[in-house]
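So you can see what is in the structure, the chains are spelled out below.
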Amino acid sequence: MERYYQPEIETAGREQIKAWQDERLVKQVKHIWDNVPYYRKKMEEKGVTPDDIKSSDDLYKLPFVTKDDLREAYPYGLLAKPLSECVRIQSTSGTTGKRVVAFYTQHDIDLWEECCARAIMAAGGTNEDVCQVSYGYGLFTGGPGLNGGSHKVGCLTIPASSGNTERQIMFIMDLQATILCCTPSYAAYIGETMKEMGLTPDQIPLKAGIFGAEAWSEEMRQDIQNTLGIKAYDIYGLTELSGPGVSFECSAQTGMHINEDHFIAEIIDPDTGEVLPEGSVGELVFTSITKEAFPLLRYRTRDICKLTREPCPCGRTHVKMCKPMGRSDDMLIIRGVNVFPSQIETVLLNNGYPANYQIIVDRVKNTDTLDVQVEMTPEMFTDDIGEIERRQKVLVDGLRSMLGLTAKVTLVAPKSIVRSEGKAVRVIDKRKI
Ligand code: DLL
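Throughout what follows, the structure given in this document is the object of discussion. Keep in mind that this is a model prediction, so the values were computed, not measured. (Residues numbered from 1 in each chain as written. Predicted model: local features only at pLDDT ≥ 70, side-chain atom pairs only at ≥ 80, totals over all residues. Heavy atoms only, no water.)

### Observations concerning the overall build of the protein
Argument step 1. Within the protein one finds 11 helices and 21 strands.
Argument step 2. A compact globule built from 433 residues should have a C-alpha radius of gyration of about 22 Å, and the protein, at 22 Å, falls within 12% of that.
Argument step 3. Principal axes of the C-alpha set define a box for the protein whose edges measure 70 × 55 × 40 Å.
Argument step 4. Among the 433 residues that make up the protein, the fraction classed as buried is 56%.
Argument step 5. The long-range share in the protein, meaning contacts at least 24 apart out of those at least 6 apart in sequence, stands at 66%.
Argument step 6. On the protein, the mean spot of the 50 positive side-chain charges and the mean spot of the 61 negative ones are 3 Å from each other. (Helix = DSSP H or I, 4+ residues; strand = E, 2+ residues; numbered from the N terminus. Rg over C-alpha atoms; globule rule 2.2 N^0.38 Å. Buried < 20%, exposed > 50% of the residue type's maximum accessible area, 1.4 Å probe, protein only. Contact = heavy atoms within 4.5 Å. Lys, Arg positive; Asp, Glu negative; His and termini not counted. Charge placed at Lys NZ, Arg CZ, Asp CG, Glu CD.)

### Details of the packing of aromatic side chains
Argument step 1. Counted by the stated rule, this structure contains eight aromatic pairs.
Argument step 2. Both rings, one in Phe 103 and one in Phe 294, keep their centres 6.2 Å apart while their planes meet at 50 degrees; by these two values the pair is tilted. Of this pair, Phe 103 sits in strand E2 (residues 101–105) while Phe 294 sits in the loop between strand E11 (282–288) and strand E12 (299–305), placing them 191 residues apart in sequence. Both residues of the pair, Phe 103 and Phe 294, count as buried.
Argument step 3. Ring centres of Tyr 104 and Trp 112 lie 5.2 Å apart, and the angle between their planes is 25 degrees; on these two criteria the pair is classed as stacked. In this structure, Tyr 104 and Trp 112 share a single accessibility class: buried.
Argument step 4. Among the aromatic residues, ring-to-ring pairing joins Tyr 76, Phe 103 and Phe 294 into one connected group.
Argument step 5. Note that Arg 221 overlies the ring of Trp 216, its terminal NZ or CZ placed 5.7 Å from the centroid.
Argument step 6. Across the ring face of Tyr 104, the terminal group of Lys 291 is positioned such that the distance to the ring centre comes to 4.9 Å. (Phe/Tyr/Trp six-rings, centres within 6.5 Å; stacked < 30°, edge-to-face > 60°. Lys NZ or Arg CZ within 6 Å of the ring centre and 35° of its normal.)

### Looking at the packing of helix H2 (residues 14–35) against helix H3 (residues 37–45)
Argument step 1. In contact at an axis separation of 6 Å, H2 and H3 are set at 110 degrees when each is read in the N-to-C sense. On the basis of the axis angle, H2 is roughly perpendicular to H3. Residue-level inspection shows Val 29, Ile 32, Trp 33, Asp 34 and Asn 35 of H2 in contact with H3, the latter providing Pro 37, Tyr 39, Arg 40, Met 43 and Glu 44.
Argument step 2. Of the residues contributing to the contact of H2 with H3, the split by class is six nonpolar, one polar and three charged. (Axes fitted to C-alpha atoms, helices over the stretch in contact; angles between N-to-C directions. Parallel < 35°, antiparallel > 145°, perpendicular 65-115°, else oblique. Nonpolar A, V, L, I, M, F, W, Y, C, P; charged D, E, K, R; others polar.)

### A short note on the pattern of salt bridges
Argument step 1. Evaluation of the coordinates by the stated rule reveals 34 salt bridges.
Argument step 2. The closest approach of N and O atoms between Lys 41 and Glu 45, which form a salt bridge, is 3.4 Å. One end of the pair is Lys 41 and the other is Glu 45, both in helix H3 and four residues apart, which spans about a single turn. No difference in accessibility class separates Lys 41 from Glu 45, as the two residues are exposed.
Argument step 3. One salt bridge connects Asp 69 with Lys 42, and the closest N-O pair in it is separated by 3.1 Å. With a gap of 27 residues between them, Asp 69 in helix H4 (residues 67–72) and Lys 42 in helix H3 connect regions that are remote in the sequence.
Argument step 4. Among the ionic contacts, a cluster of salt bridges with common partners joins Glu 192, Glu 196, Glu 375, Lys 415 and Arg 419. (Salt bridge = Lys/Arg side-chain N within 4 Å of Asp/Glu carboxyl O.)

### Here's the deal with the sheet that holds strand E18 (residues 357–364)
Argument step 1. Read from one edge of the open sheet, four strands run E20-E19-E18-E21, paired in mixed fashion. The open sheet is flanked by strand E20 (408–412) and strand E21 (427–429), the only strands paired with a single partner. Across the sheet, the mean angle from the axis of one strand to that of its neighbour is 20 degrees, orientation sign disregarded.
Argument step 2. Where E18 and strand E19 (residues 367–375) come together, eight bridges link them in antiparallel fashion. Directly across from Arg 363, in E19, lies its bridge partner Asp 368.
Argument step 3. Those strands touched by helix H10 (residues 341–350) are E18, E19 and E21, and its axis lies near 125 degrees from that of E18. (Pairing = 2+ DSSP bridges.)

### Structural notes on the site of the ligand
Argument step 1. Every one of the 21 residues lining the ligand counts as a neighbour, but Asp 234, Ile 235, Thr 239, Asp 303 and Lys 423 are closest to it.
Argument step 2. Contact distances for the ligand include 2.7 Å between a nitrogen atom and a backbone N or O atom of Ile 235.
Argument step 3. Relative to its free-state accessible area of 600 Å², the ligand is covered by the protein chains to the extent of 93%.
Argument step 4. Take the shell around the ligand: its biggest share by element is five residues, from strand E7 (residues 231–238).
Argument step 5. A class-by-class count of the residues in the shell around the ligand yields nine nonpolar, six polar and six charged. (Near = heavy atom within 4 Å. Polar contact = N/O pair within 3.5 Å; in protein donor to acceptor, adjacent residues only side chain to side chain. Areas by Shrake-Rupley, 256 points an atom, 1.4 Å probe, with all protein chains shown as cover.)

### A word on helix H6 (residues 142–153)
Argument step 1. If you check H6, its first and last C-alpha atoms are 17 Å apart, about what 12 residues at 1.5 Å a residue would give, namely 16 Å.
Argument step 2. Counting buried positions along H6 gives 10 out of 12 residues, so the element sits mostly inside the fold.
Argument step 3. Those residues of H6 lying buried are Gly 142, Gly 143, Pro 144, Gly 145, Leu 146, Asn 147, Gly 148, Gly 149, Ser 150 and Val 153.
Argument step 4. Positive phi shows up at Gly 154, right after H6, with a value of about 95 degrees. (Expected span 1.5 Å × (residues − 1).)

### Here we look at the side chain of Glu 249
Argument step 1. When you line up the elements, Glu 249 lands in strand E8 (residues 243–249).
Argument step 2. With relative accessibility at 2%, the residue Glu 249 sits in the buried group.
Argument step 3. Within the local environment of Glu 249, its side chain forms a polar contact with the side chain of Arg 221, the two groups lying 2.7 Å apart.
Argument step 4. At 2.8 Å, the side chain of Glu 249 and the backbone nitrogen of Asp 234 are in polar contact.
Argument step 5. Look past the residues within four positions of Glu 249 in its chain and what remains in contact with it is Ala 122, Arg 221, Ala 232, Tyr 233, Asp 234, Thr 254, Gly 255 and Met 256.

### What about the layout of surface pockets?
It is the rolling of a water-molecule-sized probe over the atoms that shows where space remains empty.
Argument step 1. Considered as a void within the structure, the second largest pocket measures approximately 730 Å³ in volume.
Argument step 2. Lining the second largest pocket we find 35 residues, and of these Ala 188, Glu 192, Pro 354, Ala 355 and Asn 356 sit closest to its centre.
Argument step 3. Mapped onto the lining of the second largest pocket, the elements with two or more residues apiece are helix H8 (184–196), helix H9 (218–228) and E18.
Argument step 4. For the lining of the second largest pocket, the leading source of residues is H8, giving seven residues. (1 Å grid on protein atoms, 1.4 Å probe; cavity = no way out; pocket = protein on both sides within 12 Å on 5 of 7 lines; lining within 4 Å. Points joined across faces, edges and corners; volume = space filled by probe spheres on them.)

Structure (structure tokens):
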């Protein structure tokens, strides 16, 4: 039986959703125009005023906002409410440049947590569940967002945060956790450790996982589901728009419903900025229509994605996005070929390797090199050089047909690639260092 946190919203008719979007967008644009000089200037430069925005059909008239705008306006330049009405900040995990700082009123936090509650109930959660939140807490939005959603659903919440894997497992087993929330790479690590401890899926009390914050393939989903004996649901979001819960997966596990009563999604051509028709692959752009303190109009996420409005068997009516295929800024260009790390992961997992790998890109004598290091499982581990070479060749061939270029593959011993407790670092691009 499908469960909803807010059934009347999650299954609302398309006309109702459009009516919410129209009304809220008009109000939001006015709020921003009146309160954010940075935005007003951007709109003036594009020759658009709030009077031009009469419904969501006029969205295309508004200027885009990029991460560079956020950096330029750091820290208060995009704030739309007095600080006295803000109760929290969260911040991105960005490693380069200035961090993005997002502000929240209490109302913003309530709506964000409701979005996370929708995700937890879509994964089957109820107040009978024990929900272990193993995303990082603190400035990162993963822990606080899912924590709030779990409270709203009424789950017994274990605010484990990330790290200390043995303690994670102790809580899962002793407190009989039924839902695990963390990054997919950490879920895989927890699963691997449980397996090594001799725990079989039927001994593990978990029934569902809500995993996101980084790209992960279908193959990785299968792997995690099998090791932990759970159903693994994807969840998407970004700090700039609140955090996790911008969209989430339902029982169909075929894409994530975007909470369209809060966010309007568009797909654009990343080069021209032109809005693309439904079903096209392009850059995902969001407008937050209910956020008070840190509203964003047409924010370019850099995530490459596709939207579909095909009816979903779960009964939800909100548009679905596919798993992001990568970020336009994570896309590697190797010898002129566009390569997404997720394509490499698919080849590795399809050939029976674990998702413990690293991609090293370099430039030697003016030629790009792609070196994929992947761990063997303990079962396949061998010191027979011939066998290793044969296995490497299978992967080189698989990568060539997936990517259209030749990579070097190095099989490394089990456990030699460092595990992640948060977002995994898969790519080392030495050309940038
Ligand atoms: O990662 C928020 C979040 C926390 C989402 C917990 C889900 C679960 P940021 O650190 O600001 O926020 O990073 C946002 O992470 O633009 C995507 O590139 C990527 N991302 C987030 N969720 C997914 C996902 C959080 N399910 C950036 N699949 C986004 C693929 C994802 N990429």
